[in-house]
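Remarks on the overall topology
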Amino acid sequence: MVQRAIVEHRGCSYGCFTTSAILIVAALLIAVLPYVGAVAAGVGLYFLMRYIWRQYVQQRPDASSVQWGLQFAPIARKIMAALLCCALAASLMAAFAASAGMSAETRNAMTTREQQEEPQSRNEPEAGQREESPSTITAGFVPADSEFSARLRISA
């Protein structure tokens, strides 16, 4: 007797779903990457500040800034450093969000401005200029009773 192997085909929907899920996850990771970098910069600055403080206290224990800092409990110094680093991370995140939003707003504003300026530049030449610039290709329509329904004029 011959045994048959049953092969299941998952079909196109399985591959398409997997591919689209991978693309969505990759896009989200790319979008989140600047924010992860901002948080990493804040955490790195926190540990750098603690290292610098310890070195400074060891080298200059009589300095006025060291005496002022030692008035606070160690947990208070850590909290102050953490608040400063959180402010840095938040400002970096706001800068990333503002630059992303501004680029979209700028792109939309430029498109709107170009659409508004386009009809004026086609109909009315500016004062002191020729009607058309040297390397302009324009298409104009002539009356229907003419032998040509449209003409192409190339200005040289």
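Residues take numbers from 1 onward in each chain, read along the sequence in its written order. In view of the model being predicted, local features appear only for residues whose pLDDT reaches at least 70, and side-chain atom pairs are presented and counted only at 80 or more, with totals across whole chains, interfaces and linings using the full set of residues. To obtain the side-chain values, all non-hydrogen atoms of the structure were used and water was disregarded.

A short note on the overall build of the protein
Numbering of helices and strands runs from the N terminus; a helix is a DSSP stretch of H or I covering at least four residues, while a strand is a stretch of E covering at least two. Looking only at helices and strands, the protein features 3 helices and 2 strands. Counting all 156 residues of the protein, 7% fall into the buried class. By definition, residues are in contact when any of their heavy atoms lie within 4.5 Å. Taking as baseline every contact in the protein between residues at least 6 positions apart, the subset at least 24 positions apart corresponds to 42%. Using a 1.4 Å probe, the Shrake-Rupley method yields the accessible areas, and only the shown protein chains count as cover for residues. Carbon and sulfur atoms form 64% of the exposed surface of the protein, whose accessible area is close to 13500 Å². To sort residues, take the accessible area from a 1.4 Å probe on protein chains only and compare it with the maximum for the residue type: under 20% means buried, over 50% means exposed, and anything in between is partly exposed.

Brief notes about the packing of aromatic side chains
Note on aromatic contacts: the rings of Phe and Tyr and the six-membered ring of Trp form a pair at centre separations within 6.5 Å, being stacked when their planes are under 30 degrees apart, edge-to-face when over 60 apart, and tilted otherwise. By the definition in use, this model includes 3 aromatic pairs. Taken together, a centroid distance of 5.3 Å and an interplanar angle of 75° make the contact between Y46 and F47 edge-to-face.

Looking at the state of the cysteines
Criterion for a disulfide: a pair of cysteine sulfur atoms at a distance within 2.5 Å. Under the counting rule described, the total for this entry stands at 0 disulfides. With no disulfide of its own, C85 has C86 as its nearest cysteine by sulfur position, at a separation of 7.2 Å. The class for C85 is buried, based on a relative accessible area of 4%.

Examining a nonpolar patch on the surface
Like-charged residues are merged into a patch within 9 Å and nonpolar side chains (Val, Leu, Ile, Met, Phe, Trp, Tyr) within 5 Å, provided each residue has over 30% relative accessible area and no salt bridge. Any Lys or Arg side-chain nitrogen located within 4 Å of an Asp or Glu carboxyl oxygen qualifies as a salt bridge. Taken together, the side chains of V39, V43 and F47 present a nonpolar region at the surface, about 260 Å² in accessible area. With respect to the helices and strands, V43 occurs in helix α1 (residues 11-59).

Structural notes on the environment of A87
Along the polypeptide, A87 turns up in helix α3 (residues 74-123). Along the sequence, A87 and G42 sit 45 residues apart, while their C-alpha atoms lie 8.3 Å from each other.

Considerations on the confidence of the model for the protein
Each residue gets a pLDDT score, which is the predictor's confidence in that residue and runs from 0 to 100. Overall, the prediction assigns the protein a mean pLDDT of 76, with 57% of residues at 70 or greater. No element of the protein has a lower mean pLDDT than strand β2 (residues 150-154), at 46, and none a higher one than helix α2 (residues 64-69), at 91. Counted against residues more than four places away or in other chains, residues 147-156, with its pLDDT under 50, gives 25 contacts.

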